[in-house]
Amino acid sequence: MPEGHTLHRLARLHQRRFAGGVVRVSSPQGKFAAGAARIDGQVLVKAEAWGKHLLHHYESGLVVHVHLGLYGVFTEVPLPMGEPVGQVRMRIVGDASADDRLYGTDLRGPTACEVYTYAEVTALTERLGPDPLRRGADPERAWRRIHRSRRPIGALLMDQQVLAGVGNVYRAELLFRHGISPHRPGTALTADEWDAMWTDLVALMRVGVRVGKMVVVRPEHDHGEPPYAADRPRTYVYRRPGAPCRLCGTPVAHTVLEGRNLFWCPTCQAT
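Residues numbered from 1 in each chain as written. Predicted model: local features only at pLDDT ≥ 70, side-chain atom pairs only at ≥ 80, totals over all residues. Heavy atoms only, no water.

Here we take up the layout of surface pockets. Estimates place the volume of the second largest pocket at around 430 Å³. For the second largest pocket, the lining is made up of 17 residues, of which His8, Arg12, Leu133, Arg134 and Arg135 are closest to its centre. Of all the secondary-structure elements, those providing two or more residues to the lining of the second largest pocket are helix H1 (4-18), strand S2 (44-50) and helix H7 (191-211). (1 Å grid on protein atoms, 1.4 Å probe; cavity = no way out; pocket = protein on both sides within 12 Å on 5 of 7 lines; lining within 4 Å. Points joined across faces, edges and corners; volume = space filled by probe spheres on them. Helix = DSSP H or I, 4+ residues; strand = E, 2+ residues; numbered from the N terminus.)

The next point concerns the sheet that holds strand S3 (residues 53-58). Strand order in the open sheet made by the four strands is S2-S3-S4-S8, with antiparallel pairing throughout. Edge positions in the open sheet fall to S2 and strand S8 (112-116), since each of these has one partner strand only. Strand-to-strand, the axes of this sheet are offset by a mean angle of 20 degrees, without reference to chain direction. In the packing of H1 onto the sheet, the strands contacted are S2 and S3, and the crossing angle to S2 comes to about 170 degrees. Here helix H3 (residues 118-127) sits on the sheet in contact with S2, S3, strand S4 (63-67) and S8, set at roughly 125 degrees to S8. (Pairing = 2+ DSSP bridges. Axes fitted to C-alpha atoms, helices over the stretch in contact; angles between N-to-C directions. Contact = heavy atoms within 4.5 Å.)

Along the chain, the position of Ala243 falls in the loop between H7 and strand S9 (253-257). Apart from residues no more than four positions distant in its own chain, Ala243 is found in contact with Thr250, Pro251 and Val252.

Below, the structure written as structure tokens:
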């Protein structure tokens, strides 16, 4: 599932390519036909992301909310667009762009694509924890929930009501970078540890937005290797079960925590 940096990159792209102009919105698949009709022909005012949620704000006050889930993807195409291919939930065709040409985009396979009112958007964002990529995000909101909970920190970091935008990769790699066991209860995390983790997370996710890839291995541990492969980031522990830890050589451990795969080094993250 895409993590928060991917949605923020999409929001920036859509802001640049569609905001400020009239957009034609349709649903070739038909599942979003009623929603598309409510916003078709309006000016897209703003595109933004909050955690793993993408929000398109229209001049009428209506907002299209998209959650990509596991399979959702936007395909960006310079105009003119061809006939839709596959199950296109939503097609957007713009008439304004900060780039050199006009674009359209097709959305396929999202978990959610729906029209929200402003009140519904407010209710959504109030349910979410702070997003490290949003200006003014308050880490204390997450800390208040973390240090009162006996749930494992590895579960709390994935809880979007605690922290918005963090997924499995950032969860595993952040805990490794700070030498913290994913099984440690939130009540055992110190304020200083959380401050350091938040600062690091903000920096890591900003890199992800800038380069479009997760870069989580510190330069001193690169050993001349590229920071990421063509299809996935190079990691310390994520998706490396049984492989030697890059720092100590201990086999990377794997289990399932609250329904999600969890990876960690039993030596480097002993406590």
